[in-house]
Amino acid sequence: MQKEDCIFCKIANSIIPCEFVYETDTLVAFNDINPQAPAHILIVPKDHYEDLNEVSSETLLAQLLLAAKEVAKIKNLQEGYRTIINTGKQSGQEVFHIHVHVLAGKKLGALG
């Protein structure tokens, strides 16, 4: 199900044009417009879930992480990449539609 005012729903369902790095029946991956690393790809399900707390499907969670692995392969990032899922405003989540960040292309510092 889509949420009418969600930008990621619009991108994932081709209402807003975007070049996808990767696509399946359930999700899409595309380059972040505000990259935090030389490679910064977002993986977004086509159905709307506000954040990780709303997802109850183990299948969807597996698909998101397997897509991260596939995106890393497509973009030649197997040397090392970071995956991030922000949940909630305090974590830095800005678009309230679950998405996985894949970051790579430089040495990434430790978190914390």
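Residues numbered from 1 in each chain as written. Predicted model: local features only at pLDDT ≥ 70, side-chain atom pairs only at ≥ 80, totals over all residues. Heavy atoms only, no water.

Chemist: Can you explain unusual backbone geometry? Please cite residues and give values.
Modeler: Trans is the common state for peptide bonds, and a negative phi is the common state for residues other than glycine. The phi angle at Ser14 is positive, at roughly 60°, despite the residue not being glycine. Residue position: Ser14 is located in the loop between helix 1 (7-12) and strand 1 (22-23). Positive phi outside glycine occurs at Asn76, with the angle close to 55°. Turning to its location among the elements, Asn76 is positioned in the loop between helix 2 (58-74) and strand 4 (82-84). (Helix = DSSP H or I, 4+ residues; strand = E, 2+ residues; numbered from the N terminus.)

Chemist: Just give me the short version of the pattern of salt bridges, but keep the residues and values in it.
Modeler: When their charged atoms lie close together, side chains carrying opposite charge are able to pair. All chains considered together, the criterion is met by 1 salt bridge. The salt bridge involving Lys46 is made with Glu23; its shortest N-O contact spans 3.0 Å. With Lys46 in the loop between strand 3 (39-45) and helix 2 and Glu23 in strand 1, this pair connects stretches of sequence that are 23 residues apart. What makes Glu23 partly exposed here is its relative accessible area of 43%. (Salt bridge = Lys/Arg side-chain N within 4 Å of Asp/Glu carboxyl O. Buried < 20%, exposed > 50% of the residue type's maximum accessible area, 1.4 Å probe, protein only.)

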